[in-house]
Amino acid sequence: MAKHTLSVLVENQAGVLSRVAGLFSRRGFNIDSLAVGITEDANVSRMTIVVDGDDYTVEQVTKQLNKLIDVIKIRQLDPNDSVNRELALIKVNATSTTRSEIMQMVDIFRAKIVDVSKNTLTVEMTGSGSKIAAFEDMLKQFGIKEMVRTGIIAIERGNQVIKVGSGENGASGE
Amino acid sequence: MKLTGAQTLIKVLENEGVTTIFGYPGAANGPIYDELSRSEIKHILTRHEQGAAHAASGYARITGKVGVCMATSGPGATNLITGIATAYMDSIPIVAITGQVPTEMIGRDVFQEVDITGATAPFCKHSYLVKDGKNLAKIVHQAFHIAGSGRPGPVLIDIPIDIQAGASEFTYSGESDIRGYKPTYEGHVLQLKKIAKAVQEASSPVICAGGGVITSDAAEELLAFIEKAGIPVTTTLMGIGAIPAKHPLYLGMLGSHGVYAANQAVAEADLLIIMGARAGDRATGQRDKFAKDAKIVHIDIDPAEIGKNLGTNIPVVGDIKTILKQLSKYIQQDYKKEWVDTVSQWKRGGAEKINPADEIKQSQYVNPKYVLKVLSEMTEGKAIVATEVGQNQIWAANHYQLSFAGGFLTSGGLGTMGYGLPAAIGAKVGCPDKTVIVISGDGSFQMNLQELATMKQWGIELKIILFNNSRLGMVRELQKMKYSSNYFAVVLEGNPDFVTLASAYDIQGEKITQNEEVKDALARALNAPGSYLLEFMIDPEESTL
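In this text the structure is predicted, and so the values were computed from the model without any measurement. (Residues numbered from 1 in each chain as written. Chains lettered and ligands numbered in written order. Predicted model: local features only at pLDDT ≥ 70, side-chain atom pairs only at ≥ 80, totals over all residues.)

Attention now moves to the overall build of chain A. Scanning chain A for helices and strands turns up four helices and nine strands. Mapped in sequence order, the helices and strands of chain A form the string β-α-β-β-α-β-β-α-β-β-α-β-β. Looking at chain A as a whole, 27% of its 174 residues are labelled buried. For chain A, contacts bridging at least 24 residues in sequence account for 74% of all contacts bridging at least 6. (Helix = DSSP H or I, 4+ residues; strand = E, 2+ residues; numbered from the N terminus. Buried ≥ 20, exposed ≤ 12 C-beta atoms within 10 Å, placed from the backbone. Contact = placed C-beta atoms within 7 Å.)

The following block contains the structure:
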């Protein structure tokens, strides 16, 4: 099944996240990832939701989300016309013999070492989901102790913006 | 001007035109009840919070206004849940107001605390947990706006007791602009032209009218449309009454519990126009076989319903009444006479099969279909009917010949046993001049029979028709068909003597065991002043269809 990225503007209010999450479980939709944070307008939060499903599912997700009163606007992002990023923090085993090899890997992937201890290195990595997956794969041989990922956030390229009051509000069902 | 939360609530309720509240007091809504006692708003004390929610629903359906119910925190709030879910499934506008434990105690599992906004989220159109008294007026106003507009539904407002009691500056603008909520009312003109073309090209068109036709008060426009274009109409359970039952173009109810003519017409249709209906499973049966040769037009105010259950060729989002008015410009006078003649024959053929007249001689038991036929004649279909759920519901749907839109109150989507009696109470309060009849079975009647006391206390006069087969008839029928007649847990031994029970609440009653007695008994019940219960003894083998 294909992955679809939805950019959803919601009221920055208590309970919104639970409504959105509840809708997904109740209607049997699968969330791949969900990232939420405030926007340039403090009253508005943006959720970037990656949905796993066919076109029918994405259409239903969009329509059902639109029914939530606290959802202001939804847009499905075209992967070719948007920038997708995810942040990962990876704590990997490091010994005196492996440390330099790991550091090389970090260089190649343009990641960053943010913490060092006698037996570990903690790496910060930003990139698309697939880049992070590739990096994770390379680090596996050293033993990953812990990994934390934010889920994807995404923004449209060029002049386009998704803002309250701009353009169509996505409420049309046609 | 500073007002307490309770004062603010009552003031805004009055501003919203609320004249009646169905509710039940408790510790956590004390300040509201204290204030309500000094208000012009009439409070109907039910005997269970579920009764209050269903009564608010019946009231809303009859008056077209938003119904209001109230309960305290914890168990009071959870008792509302079935009523809220019932209203949600049938798109009935109600506002439920619950008391909540004090703000600073929330989350500590104190006495009678429950997360009611969380519990009801999946089946509420929207809900609020009030956290600041200064927002209360706006919230209440918005709640009414959301409940009653677009696709209607229940909205819950949970108010902690400290907010009810605490004072804050009263600000009320009456502003109902909500940026995330903009229902579409007008249909897209391009789509409407497509419908007109499809109607013109069709040789066997059928309209399926759902509850949306009744909600949007579009019965008159629908009638004008079908009479101009000559299109037969079937309804869903929720759509019953969208056109008068005796209208020559009415096919009857669609679906697994519907009638032959309706299902046959849809099966052979080359154009199916669904208006204000979800195309739910009970109406469509197997989706891939439903109207398989037909071009599908789906008109609904809720975009999410279009394409959810059924593929659609011409989708139109908007309000049915508005769209039918718009559409009248494009529809040509073109009566599909040949097709109408064909379906009329199916109608006659089907009618013979279900005509109970030949069974009239049967003794020992009463034929429920015959009872409803006689009831239709005596009331001319002008009485409001509220049904319970089970065989009684389907008998009523198929045999009570309702003559006006909005007069059939039933739990269509959720199938809530115990809906009929309290919904009828709400309907009678909302429309005291009309005869209101409860159609029930002995199973579902006992789900909310405590509301007989509500009838008595508030002088609410209902005629109750109780079909007693001492069984959970519809489940029994299911066991007969699907589980090799392995009847289990469907015999209602221990039924009370319902006539004696009614008399305990000062309600007159009679038990009827013969078809010959039906006419006179119904006449006595309908003509008697006050409430009346008629218990009809039904053969347990009597089938739904």
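Picking up after the structure, the text goes on.
This next bit is on the environment of Glu14 of chain B. Residues and elements named next belong to chain B. Looking at where Glu14 falls in the secondary structure, it is placed in helix α1 (residues 5–15). Taking the C-beta count within 10 Å as the criterion, Glu14 has 13 such neighbours and is therefore assigned partly exposed. Through-space distance from the C-alpha of Glu14 to that of Glu40 is 8.2 Å; in sequence the pair is 26 residues apart. The contacts of Glu14, once residues within four sequence positions are left out, are Ser39, Glu40 and Ile41.

Right, let's talk about the sheet that holds strand β9 (residues 205–209) of chain B for a bit. All names here are of chain B. The six strands are arranged β11-β10-β9-β12-β13-β14 in an open sheet whose pairing can be described as parallel. Strand pairing shows two members of the sheet lacking a second neighbour, β11 (250–253) and β14 (314–317), which therefore form its edges. On average, each strand axis in the sheet is tilted by 15° relative to the strand beside it, whichever way the strands run. Bridge count for strand β12 (residues 271–275) against strand β13 (residues 295–300) is five bridges, and the pairing is parallel. Within the sheet, the bridge partner assigned to Leu271 lies in β13 and is Lys295. Sitting on the sheet, helix α11 (residues 260–268) touches β9, β10 (233–235), β11 and β12, and the angle it makes with β11 is about 105°. (Pairing = 2+ DSSP bridges. Axes fitted to C-alpha atoms, helices over the stretch in contact; angles between N-to-C directions.)

Often the size quoted for an interface is simply the accessible area lost on bringing the parts together. Residues and elements named next belong to chain A. Each assigned domain of chain A is listed with its residue range as follows: domain 1 (3–77) and domain 2 (83–153). Taken residue by residue, the interface counts six residues in domain 1 and five residues in domain 2. Within the residue set of the side of domain 1 that touches domain 2, elements represented by two or more residues are β2 (30–38) and β3 (44–52). Considering each element in turn, the side of domain 1 that touches domain 2 owes the most residues, three residues, to β2. Its residues assigned to classes, the side of domain 1 that touches domain 2 shows three nonpolar, three polar and no charged. (Domains from an automatic or database assignment. Nonpolar A, V, L, I, M, F, W, Y, C, P; charged D, E, K, R; others polar.)

Looking now at the interface of chain A and chain B. In this complex, chain A contributes 21 residues to the contact, which on the side of chain B involves 20 residues. Residue assignment for the side of chain A that touches chain B shows that the elements contributing at least two residues are α1 (16–27), α2 (55–67) and β4 (71–77) of chain A. With five residues, the single largest contributor to the side of chain A that touches chain B is α2 of chain A. In the side of chain A that touches chain B, the residues fall into five nonpolar, eight polar and eight charged.

Our next topic: the nonpolar core. Counting residues in each nonpolar core, the largest one holds 193 residues, and the members touching the most others are Val68, Cys69, Ile94, Val95, Leu272 and Val385 of chain B. Here the element with the most residues in this core is helix α4 (residues 75–89) of chain B; it accounts for eight residues. Setting aside residues no more than four positions away along its own chain, Ile94 of chain B makes contact with Ala53, Ala56, Ser57, Ala60, Val66, Gly67, Val68, Cys69, Ala87, Ala147 and Pro154 of chain B. With 13 residues, the next largest nonpolar core counts Ile90, Val92, Ile102 and Leu121 of chain A among its residues. (Core = buried A, V, L, I, M, F, W, Y, C linked by C-beta atoms within 7 Å.)

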